[in-house]
Amino acid sequence: GADPMSAFRPTPAGTRYGRLVVTRDRLPGETHLDVRCDCGTEKAVAHNALTTGKTVSCGCIRNHTVEPGRRYGRLVLLEQRVPGQKQVRCRCDCGAETTVWFGNLTKSHTTSCGCAFHDAVTSHGQTRSRTYLAWQNMIARCYRETATGYRNYGGRGIAVCDRWRSSFETFLADMGECPPDLTLDRIDVDGNYEPGNCRWTDWATQARNKRKRPRLTVCGRGHDVSTPDSYYEARNGMRACKQCRRLTERARYYAGSAS
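Values in this document were obtained by computation on a predicted structure and should not be read as measured data.

What counts and how
- Residues numbered from 1 in each chain as written.
- Predicted model: local features only at pLDDT ≥ 70, side-chain atom pairs only at ≥ 80, totals over all residues.
- Heavy atoms only, no water.
- Salt bridge = Lys/Arg side-chain N within 4 Å of Asp/Glu carboxyl O.
- Helix = DSSP H or I, 4+ residues; strand = E, 2+ residues; numbered from the N terminus.
- Buried < 20%, exposed > 50% of the residue type's maximum accessible area, 1.4 Å probe, protein only.
- pLDDT = per-residue confidence, 0-100.
- Contact = heavy atoms within 4.5 Å.
- Axes fitted to C-alpha atoms, helices over the stretch in contact; angles between N-to-C directions.
- Parallel < 35°, antiparallel > 145°, perpendicular 65-115°, else oblique.
- Left-handed = near helix turned anticlockwise from the far one by under 90°.
- Nonpolar A, V, L, I, M, F, W, Y, C, P; charged D, E, K, R; others polar.

(A) Local environment of the pattern of salt bridges. In this structure the tally under the stated criterion is ten salt bridges. For glutamate 30, the salt bridge is made with arginine 24, and the minimal N-O distance between the two is 3.2 Å. Aspartate 185 is the partner of arginine 199 in a salt bridge, and the nearest nitrogen-oxygen pair spans 3.1 Å. Remark: aspartate 185 occurs in strand β9 (residues 183-186) and arginine 199 occurs in strand β10 (residues 198-201); sequence separation between them is 14 residues. With a relative accessible area of 30%, arginine 199 lands in the partly exposed category. When its relative accessible area of 5% is taken as the criterion, aspartate 185 is described as buried.

(B) The confidence of the model for the protein, seen in detail. Averaged over all residues, the pLDDT of the protein is 81; the fraction at 70 or higher stands at 85%. Segment residues 1-7 is flagged for pLDDT under 50; beyond a separation of four residues in sequence, or across chains, it makes six contacts in the model.

(C) Up close: unusual backbone geometry. Its identity as a non-glycine residue notwithstanding, aspartate 181 has a phi of 65°, on the positive side. Note that aspartate 181 resides in the loop between α6 (168-175) and β9.

(D) Structural view of the packing of helix α4 (residues 130-143) against α6. Across the interface, α4 lies against α6 with an axial gap of 11 Å and an inter-helix angle of 115°. With respect to α6, the element α4 is oriented roughly perpendicular. When you trace α4 past α6, the crossing you get is right-handed. For the pair α4 and α6, contact is made by Thr131, Tyr132, Trp135 and Met138 and by Phe168, Phe171 and Leu172, respectively. For the contact of α4 with α6, a count of residues per class yields six nonpolar, one polar and no charged.

Put into structure tokens, the structure is as follows:
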């Protein structure tokens, strides 16, 4: 199989996310990065919060003045944003003017007046295809906290590369259409959704490609199961305590004798 480390792409020091600059290279398995804000504040921020645009400053941006003409995706600021102002007026590239929440602009939650979504769902004609559904689910479990499985994806720092998150067409070009009975799988289960780390595979292969769980050394009743003579392999592959089994069998024996 492919080497999981070959799919890992470190975040080098100097990478900028909004007003934050990474001060130390990201290592495999790290979920937080050391960053320095333009205001001089240093702190550790979750990698997923940076890549998704959820965190763009140390918090000082709430008291930050933004001049007209600043671009956020397809939107351009029409008026000066003063500290404490929550909503701003913008003009979209399509010509429409709209009022949006400033926080949604800085976090890239709002990037257009709504025309970007319309363009996305009408340009490729695959809104009901298995491939489009896989793309939607991939983004949801990484960025939507209410999505099923978010705890094991976005909650662990798993992200979608900018190339795929911003465009279904580029995802389709890189991955091709989803074959029947296959699902989207990451080769390195601790890596991001990005070219080189994803494949279409069947459920059996995906079920085997899981995070390794640490072996138990103590059972639920507190008995030691660290030595080979203290446990046996259960059907699910976990260690089952021999002492617990003896106690259970003894209890059943006496219960049968009493009856």
